[in-house]
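Listed below are the residues making up each chain.
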Amino acid sequence: MGESNFVDYVKIYTRSGKGGRGSTHFRREKYIPFGGPDGGDGGDGGNVILRGDRNHWTLLHLKFERHILAGHGQGGSGRLSKGKDGEDKTIHVPLGTVVFDGETGEFITDISRDGQEFMLLKGGRGGKGNNYFKTATNQAPKYAQPGEPYQEKKIILQLKLLADVGLVGFPNVGKSTLLSVVSAAKPKIADYPFTTLEPSLGIVNVRDSYSFVMADIPGIIEGASEGKGLGFRFLRHIERNSALLFLVPADSKDIKEDYETLLNELIRYNPELADKQKILAISKSDMLDDELEQALTEDLPEGVPFVFISSFTQKGIPALKDLLWKTLNEQPFHDLESIVHKPMDVRLEDLEDDFDYEPEADDDTAGENDYAGFDLDE
Ligand SMILES: Nc1nc2c(ncn2[C@@H]2O[C@H](COP(=O)(O)OP(=O)(O)OP(=O)(O)O)[C@@H](O)[C@H]2O)c(=O)[nH]1
Ligand SMILES: [Mg+2]
């Protein structure tokens, strides 16, 4: 997976900017022996902002950005001059990015719309200069405020594909073949398990006028929810799908049992997956004659709409597309967005890409984030 361009997980250290220090300055001009305080305020520290950007499809562009640091506010100076604000840093993320706290695994936010912004870390406010503290009884305050400190956070960004329909099935059951038949996508297809190593998306046209997005994910095996096979890493991609299309091949020993095993894996991974709309397609049914098909129908799982399909002969494919379209439309739109993300268990995550941030030698904030209110300034 190391060389892949499909990057759906990154961990980043982020830090906002420190507020600039207020200035303690007094007017010094010829003929004005006791010029009053004229120390300006410090500039505000830069913010770290997350922004949805539909031009990005994966997190690849962030893979090597381990540290994202906003600029510090500059100190104020004499003549009431305010320090310059620190530069904001905007992290552009693909739609479908879910943000977790890198230390606790807690869910932070979910970016699903183009242009959607989330203030991750606010920069420290600039300190007030001594001019601000001038009062009737203290005409010449010799103090100013330091800037507010920066904030820092390690975050984990996860991409959860925004597909309408997710394909769920054991390896080698014909998931990728189906996607290649109903969309223009060209996933790799072969007669062995785990041909598909990373998810791909295809746009499915229905009756020339509608379309929806279907996601092909690597095959799931029993134990996937505990990390067996490739399944665990990719199960999160179906958390976002509105409907799940289960594929069980016609030559399965027990279609109902296969379906239940798959469903159990999903539920063990995230119980909310149980509430999703489910459809069963019996794939490769070109291998069946009518009589056999009739016999199998008697023994299918209850309460799940089903279709017998064949990607080779197109059998059942139009009916399947219609059924999927109907199912998607039965759902109120807002349900699509209201998916609850289970918190991450950071202990289960790969530690290979873990890191600690060491401020560099020329980083002027090193050990200097000790905001203690007012301080006397010379
Ligand atoms: N008879 C028949 N074979 C099919 C059909 N669809 C796919 N196959 C064959 O099944 C095998 C597996 O197909 P894939 O589409 O790669 O299966 P997959 O579910 O994506 O497999 P993984 O990516 O490994 O999980 C290939 O040899 C296909 O040619 C079908 O409709 N009928
Ligand atoms: Mg495949």
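Residues numbered from 1 in each chain as written. Chains lettered and ligands numbered in written order. Predicted model: local features only at pLDDT ≥ 70, side-chain atom pairs only at ≥ 80, totals over all residues. Heavy atoms only, no water.

**Structural notes on the coordination of the magnesium ion (ligand 2)**
Tetrahedral metal sites with four donors have an ideal angle of 109.5 degrees; octahedral sites with six donors have ideal angles of 90 or 180 degrees. Rules: Water is not part of the atom set, so a site may look incomplete; the donors themselves are N, O and S atoms within 2.8 Å of the metal, or 3.2 Å for Na, K and Ca. Every helix listed is a DSSP run of H or I at least four residues long, and every strand listed is a run of E at least two residues long, numbered separately from the N terminus. Residue burial is assigned from relative accessible area. The probe radius is 1.4 Å, only protein chains are included, and a residue is buried under 20% of its type maximum, exposed over 50%, and partly exposed in between.
On the protein side, the magnesium ion (ligand 2) has Ser176 (OG) and Thr196 (OG1) as donor atoms, found 1.9 to 2.1 Å from it. Remark: Thr196 occurs in the loop between helix 1 (175–182) and strand 11 (200–206) and Ser176 occurs in helix 1; sequence separation between them is 20 residues. Each of the two residues, Ser176 as well as Thr196, counts as buried.

**Quick look at the packing of aromatic side chains**
We apply this condition: Here a pair means two rings of Phe, Tyr or Trp (six-membered ring of Trp) with centres within 6.5 Å. Their orientation is stacked below 30 degrees between planes, edge-to-face above 60, and tilted elsewhere. Should the NZ of a Lys or the CZ of an Arg lie within 6 Å of a ring centre and within 35 degrees of the ring normal, that charge is described as sitting over the ring.
Enumeration over the complete set of coordinates arrives at six aromatic pairs. Summarising the aromatic geometry, the rings of Phe212 and Trp325 are spaced 6.5 Å apart at their centres and angled 20° between planes, so their arrangement reads as stacked. With Phe212 in strand 12 (residues 210–216) and Trp325 in helix 5 (residues 317–329), the pair connects residues that are 113 residues apart, well separated along the chain. On the accessibility criterion, Phe212 (3% relative accessible area) is buried. Look at Trp325 and you get partly exposed, because its relative accessible area is 22%. Among the aromatic side chains, those forming a connected cluster through ring pairs are Tyr132, Phe133 and Tyr143. Sitting above the plane of the Tyr150 ring, Arg15 keeps its charged end 5.0 Å from the centroid. In this arrangement the basic side chain of Lys128 is found over the ring face of Tyr132, its NZ or CZ atom lying 5.0 Å from the centre.

**Digging into the sheet that holds strand 2 (residues 48–52)**
Strand pairing in a sheet takes place through backbone hydrogen bonds and is either antiparallel or parallel in direction. Test applied: A pair of strands counts as paired when DSSP detects no fewer than two bridges linking them. Lines are fitted to the C-alpha atoms to define the axes, a helix being fitted only along its stretch in contact, and any angle between axes, read from their N-to-C directions, falls within 0 to 180 degrees.
Taken in spatial order, the three strands of this open sheet run 4-2-7, and their pairing is mixed. In this open sheet, the two strands that pair with only one neighbour each are strand 4 (89–93) and strand 7 (117–121). On average, each strand axis in the sheet is inclined to that of its neighbour by 25°, with strand direction left out of account. Across four bridges, the pairing between strand 2 and strand 7 is antiparallel. Along strand 7, the bridge assignment pairs Ile49 with Met119.

**Concerning the pattern of salt bridges**
For side chains of opposite charge, pairing can occur when their charged atoms come near one another. Applied cut-off: By convention in these notes, a salt bridge is any Lys or Arg side-chain nitrogen within 4 Å of a carboxyl oxygen on Asp or Glu.
Scanning the entire structure with this criterion turns up eleven salt bridges. With a shortest N-O distance of 3.0 Å, Lys82 and Asp85 are connected by a salt bridge. Where Asp101 meets Lys153, a salt bridge forms, and the shortest distance between an N and an O atom there is 3.5 Å. Of this pair, Asp101 sits in strand 5 (residues 97–101) while Lys153 sits in strand 9 (residues 152–159), and the two are 52 residues apart along the sequence. With relative accessibility at 27%, the residue Lys153 sits in the partly exposed group.

**Focus: the sheet that holds strand 13 (residues 243–249)**
How we decide: Any pair of residues with heavy atoms lying within 4.5 Å of one another is described as a contacting pair.
The strand order across the open sheet formed by six strands is 11-12-10-13-14-15, and the pairing between neighbours is mixed. With one partner strand each, in any of the chains shown, strand 11 and strand 15 (306–308) form the two edges of the open sheet. Sheet twist, expressed as the mean angle between neighbouring strand axes with direction ignored, is 25°. By the bridge criterion, seven bridges tie strand 13 to strand 14 (residues 277–283) in an arrangement that is parallel. Counted as the bridge partner of Phe246 is Leu280 from strand 14. Strands strand 10 (165–169), strand 11, strand 12 and strand 13 of the sheet are contacted by helix 1, whose axis makes an angle of about 45° with strand 11. Of the strands in this sheet, strand 10, strand 13 and strand 14 touch helix 3 (residues 255–269), which is tilted by about 140° from strand 13.

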